[in-house]
Amino acid sequence: MAAGTGGMDGSSSTSTTSTGGQSSGPPPLVYDVEDTGADCPKPPLPAFSELKSISHLPDPFEMADGDRISSVSDWRCRRAEIKAELEKYGAGEKPGKPSTFEASLSGNTLSIKVGEGGNSFTITAPINRPAGAPSGPIPAIIGVNSPTGSLPAQVFSSRGIATITFNSDQLMSNGFSGGSRTDGNFYKLYPGTTAGSMIRWAWGISRIIDALEMLPEANIDTKHIAVSGCSFQGKIALYSGAFDERIALTIPHESGGGGTISWRYSDMLEKRDKTEVENLLHAQGAPWYAAALMQFNNAPGKLPYDHHELMAMVAPRALLAIESTAIARMGAEAARVDALAAREIWTALGVPFRMGASEENTNHCVWHNGFTPDLEAYVDRYLLGKEDVDTDILRSKYTIDTDTWIPWETPALQ
């Protein structure tokens, strides 16, 4: 693995683009549309039997035609290829904004009516503006099933940042007891969908952003939105940030298998350490992913992607991955290899400091004070625009054999 060259971020944190086109200076911190690569050519998506096995983390810079990207502007369509592979083999397809969409604000509660084909349901999301916050538009964090996920609320309230709570059950129940792919309100709108729960939940968070854009009276700065959650909710946060380019800062906390950890490396970890890790075999008791993913349970090497590329779909926007080493099942070492590999995309784009990883030895979803300075740095820089804050963070106790797992070189993109 050869690193590219990073540089200081000289852009304003409000820089946006609706096309993904590159101008002089660093790439934007956030975009105006959900998917800048919607117009990119679709890559070939072979049947399982036609896929070759790859023992290391796949090269994120290699296009479907075998060429490697050579410019920053190439990343837009390479990201779109990764998205198409994830939707085909792992997560299921994410629809766009539905044909029926109505949004209103009553007091501090968003109400969003969504509908397709004569079926509809309503998503509600409470907004809390902290005491003393400015009256005008302010940044916000969307917390999965709680106002700030598992992050300390004081970090946000003390900075005048609003909280918005996303209730995942309004789309589909968490399915810990198994559940059915035909359950939940999302399926009523999209019967026959390939989308697993993660994509359904990410779709719901995108509809909250749609509503905020329609309702200036909500006084939320839609160019400075973060999303976070822990465990399965950390996975939701990661899929949300990866699949919606209007999210400025994505903070998955201990998201495990299906989140920030590599399917390939977690499979190796379980065999090496003879302990259960949330690998492909152990991550699918609930319909969180596309049914197609199950065919890879005993062959993770045949996946044309791995989750360093799910993380990379956030690039060049900001991502802070928070991991705990206390629970072997959550695969923190497999998260480390993904963080190292994913960081190379931000490095190639010239903004390595927009992707960070923080690690402590604490119990599952239990906040450790060692995380706090890292979280504060990312919040200050990417929600509040304090460009002089150092976010070059990549902390871990693990040593990874990068020659084996990340054998490709990072290109110097023009």
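Refer to the structure above for everything that follows.
Now for a look at the structure at hand. All values reported here derive from a predicted model rather than from experimental measurement.

1. With respect to the overall build of the protein chain
In step 1: When its secondary structure is counted, the protein chain shows ten helices and nine strands.
In step 2: Over its C-alpha atoms the protein chain spans a radius of gyration of 20 Å, differing by no more than 12% from the 22 Å that the globule rule assigns to 414 residues.
In step 3: With the principal axes as the frame, the protein chain shows a C-alpha extent of 55 × 50 × 45 Å.
In step 4: Across the 414 residues in the protein chain, those meeting the buried criterion constitute 60%.
In step 5: Long-range pairs, those at least 24 residues apart, make up 72% of the contacts in the protein chain with a sequence separation of at least 6.

2. Things to note about the sheet that holds strand E7 (residues 249-253)
In step 1: With respect to topology, nine strands assemble into an open sheet ordered E1-E2-E3-E5-E4-E6-E7-E8-E9, the strand pairing being mixed. Each end of this open sheet is capped by a strand with a single partner; those strands are strand E1 (100-106) and strand E9 (355-360). On average, adjacent strands in this sheet sit at an angle of 20° to one another, irrespective of strand direction.
In step 2: Across two bridges, strand E3 (residues 119-128) lies against strand E5 (residues 162-166) in antiparallel orientation. Bridged to isoleucine 127 within E5 is isoleucine 164.
In step 3: With respect to the sheet, helix H4 (residues 197-214) is in contact with E1, strand E2 (109-116), E3, strand E4 (138-144), E5 and strand E6 (220-230), its orientation differing from that of E2 by roughly 115°.
In step 4: Relative to the sheet, helix H9 (residues 372-382) contacts E6, E7, strand E8 (318-324) and E9, its axis offset from that of E8 by approximately 170°.

3. Points about H9
In step 1: Of all eleven residues in H9, nine are buried, a share of seventy percent or more.
In step 2: Residues of H9 that are buried: Thr372, Asp374, Leu375, Ala377, Tyr378, Val379, Asp380, Arg381 and Tyr382.

4. Here we look at the pattern of salt bridges
In step 1: Going through the model one piece at a time under the given rule, you end up with 28 salt bridges.
In step 2: A salt bridge links lysine 235 to glutamate 278, with the shortest nitrogen-to-oxygen separation between them at 3.3 Å. With lysine 235 in helix H5 (residues 232-243) and glutamate 278 in the loop between helix H6 (263-273) and helix H7 (307-312), the pair connects residues that are 43 residues apart, well separated along the chain.
In step 3: A relative accessible area of 6% places glutamate 278 in the buried class.
In step 4: Several salt bridges share partner residues, and in doing so they unite Glu34, Lys94, Arg207, Asp210, Glu213, Asp244 and Arg246 into one network.

5. A word on the packing of H6 against helix H8 (residues 332-348)
In step 1: Following both chains from N to C, one finds H6 and H8 inclined at 145°, their axes separated by 9 Å at the closest point. Here the hand of the crossing between H6 and H8 comes out right-handed. In contact with Tyr265, Ser266, Leu269 and Arg272 of H6, H8 contributes Glu333, Ala334 and Val337.
In step 2: Residue composition of the contact of H6 with H8, by class: four nonpolar, one polar and two charged.

Conventions we followed
- Residues numbered from 1 in each chain as written.
- Predicted model: local features only at pLDDT ≥ 70, side-chain atom pairs only at ≥ 80, totals over all residues.
- Heavy atoms only, no water.
- Helix = DSSP H or I, 4+ residues; strand = E, 2+ residues; numbered from the N terminus.
- Rg over C-alpha atoms; globule rule 2.2 N^0.38 Å.
- Buried < 20%, exposed > 50% of the residue type's maximum accessible area, 1.4 Å probe, protein only.
- Contact = heavy atoms within 4.5 Å.
- Pairing = 2+ DSSP bridges.
- Axes fitted to C-alpha atoms, helices over the stretch in contact; angles between N-to-C directions.
- Salt bridge = Lys/Arg side-chain N within 4 Å of Asp/Glu carboxyl O.
- Left-handed = near helix turned anticlockwise from the far one by under 90°.
- Nonpolar A, V, L, I, M, F, W, Y, C, P; charged D, E, K, R; others polar.

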